[in-house]
Amino acid sequence: MSSSRLRMYLFSSIMAAVTAIFAQIEIPLPLVPISGQTLAVGIAATILGSRYGAFSMIIYMMLGIIGLPVFAGFAGGAHVVAGPTGGYIIGFIAAAFFTGLFLEKTAFTYKMAIIANLIGMIVTLTFGAIWLKLLLDLSWPAALAAGVTPFLAVGVIKALLAAWIGIAVRERLKSSQMSFGEAA
């Protein structure tokens, strides 16, 4: 295994840990809380790109499934992924992939990162709303009202922050001679 690949696996693991820490920043709501997880997803994808960003979210999800308290509210276990927040957690993987892919296909700039993170937000909310609809047997309007609407304004703020932090960290890492190909 090459040292640059090993480095990216290590960065992916670090971003999984950052996601676990950010998950503990939480504003409770009735069905699904607002947490810092999605901010960490955007930062991970903006720094690492599609493959390693998604890999970091797979690590995060697997740590939670095996019972480590990495999910919001220090929760862990497969039951969390099977519950109301499961669609969002699974959606983090897709969101990180598509956010990173957009940046790889365009450019790792602040402007493109904002667009990419807004796309990631939509992906996460889509997974979450579909999951809520199916799990709780909600109508589409009820699933959107519970799983999308409360998160839109905060999601836009998180997308802006993730773009800013992600690009700043990525540029700092690149300037310190870390190998980050545009398709990292």
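For every chain, the first residue of the written sequence is number 1, and numbering continues from 1 onward in sequence order. With pLDDT at 70 or above as the cut-off, local features in this predicted model cover only qualifying residues; side-chain atom pairs require 80 or more to be listed or tallied, and sums for whole chains, interfaces and linings still use all residues. Based on all heavy atoms of the structure, the side-chain values leave hydrogens and waters out of the count.

Colleague: Whenever I open this one, the nonpolar core confuses me. Can you help?
Modeller: Where a protein is soluble and globular, its nonpolar side chains tend to be buried together. Each nonpolar core is a collection of buried residues, namely Ala, Val, Leu, Ile, Met, Phe, Trp, Tyr and Cys, held together in the definition by side-chain atoms within 4.5 Å. For every residue, the accessible area (1.4 Å probe, protein chains only) is compared with the maximum for its type, and the residue is labelled buried under 20%, exposed over 50%, or partly exposed between those bounds. Of all hydrophobic cores here, the largest spans 40 residues; its most connected members are L48, M57, Y60, F71, I89 and F92. Among the secondary structure elements, those contributing two or more residues to this core are α1 (3–22), α2 (37–65), α3 (78–82), α4 (86–105), α5 (110–136) and α7 (152–175). No other element matches the 13 residues that α2 contributes to this core. Counting residues in hydrophobic clusters, the runner-up holds 8 residues, among them L103, M112, I114 and A116. The numbering of helices and of strands both runs from the N terminus, where a helix is a DSSP run of H or I of at least 4 residues and a strand a run of E of at least 2.

Colleague: What is the right way to look at the packing of α2 against α4 in this model?
Modeller: To characterise two packed helices, one gives the angle between the axes of the helices and the distance between these axes. Their axes nearest at 7 Å, the elements α2 and α4 cross at an angle of 115°. Classed by the angle they form, the pair α2 and α4 counts as roughly perpendicular. Like other packed secondary-structure pairs, α2 and α4 cross with a definite hand, here left-handed. Classifying every residue of the contact of α2 with α4 gives 16 nonpolar, 8 polar and 2 charged. The axes are straight lines fitted to the C-alpha atoms, using for helices just the contacting stretch, and the angles between their N-to-C directions are given from 0 to 180°. Put simply, angles under 35 degrees are roughly parallel, angles over 145 are roughly antiparallel, angles from 65 to 115 are roughly perpendicular, and the rest are oblique. By definition, any crossing whose near helix is turned counterclockwise from its far helix by less than a right angle is left-handed, and any crossing with a clockwise turn is right-handed. Classification used: nonpolar for Ala, Val, Leu, Ile, Met, Phe, Trp, Tyr, Cys and Pro, charged for Asp, Glu, Lys and Arg, polar for all others including Gly.

Colleague: Could you clarify how one ought to interpret the environment of A17 in this entry?
Modeller: Counting through the fold element by element, A17 comes out in helix α1. Residue A17 is classed as partly exposed on the basis of its relative accessible area, which comes to 38%. C-alpha of A17 to C-alpha of S56: the two residues are 39 residues apart in sequence and 8.8 Å apart in space.

Colleague: Sorry, what's going on with the packing of aromatic side chains here?
Modeller: How two aromatic rings sit relative to each other is set out by the distance from centre to centre and by the angle between their planes. Aromatic rings from Phe, Tyr and Trp, with only the six-membered ring used for Trp, were paired whenever their centres fell within 6.5 Å, and each pair was classed as stacked if the ring planes differed by under 30 degrees, edge-to-face if by over 60, and tilted otherwise. For the structure on display, the rule yields 6 aromatic pairs. For the pair Y9 and Y52, a centre-to-centre distance of 5.7 Å together with 75° between the ring planes defines the contact as edge-to-face. With Y9 in helix α1 and Y52 in helix α2, this pair connects stretches of sequence that are 43 residues apart. You can call Y52 buried: its relative accessible area is 11%. Its relative accessible area of 26% is what places Y9 among the partly exposed residues. An aromatic cluster of at least three residues, connected via ring pairs, comprises Y9, Y52 and F55. Across from the ring centre of F108, 3.6 Å away, lies the NZ or CZ of R170, which sits over that ring. As a reminder, the over-ring test applies to NZ of lysine and CZ of arginine, requiring each to be within 6 Å of the ring centre and within 35 degrees of the ring normal.

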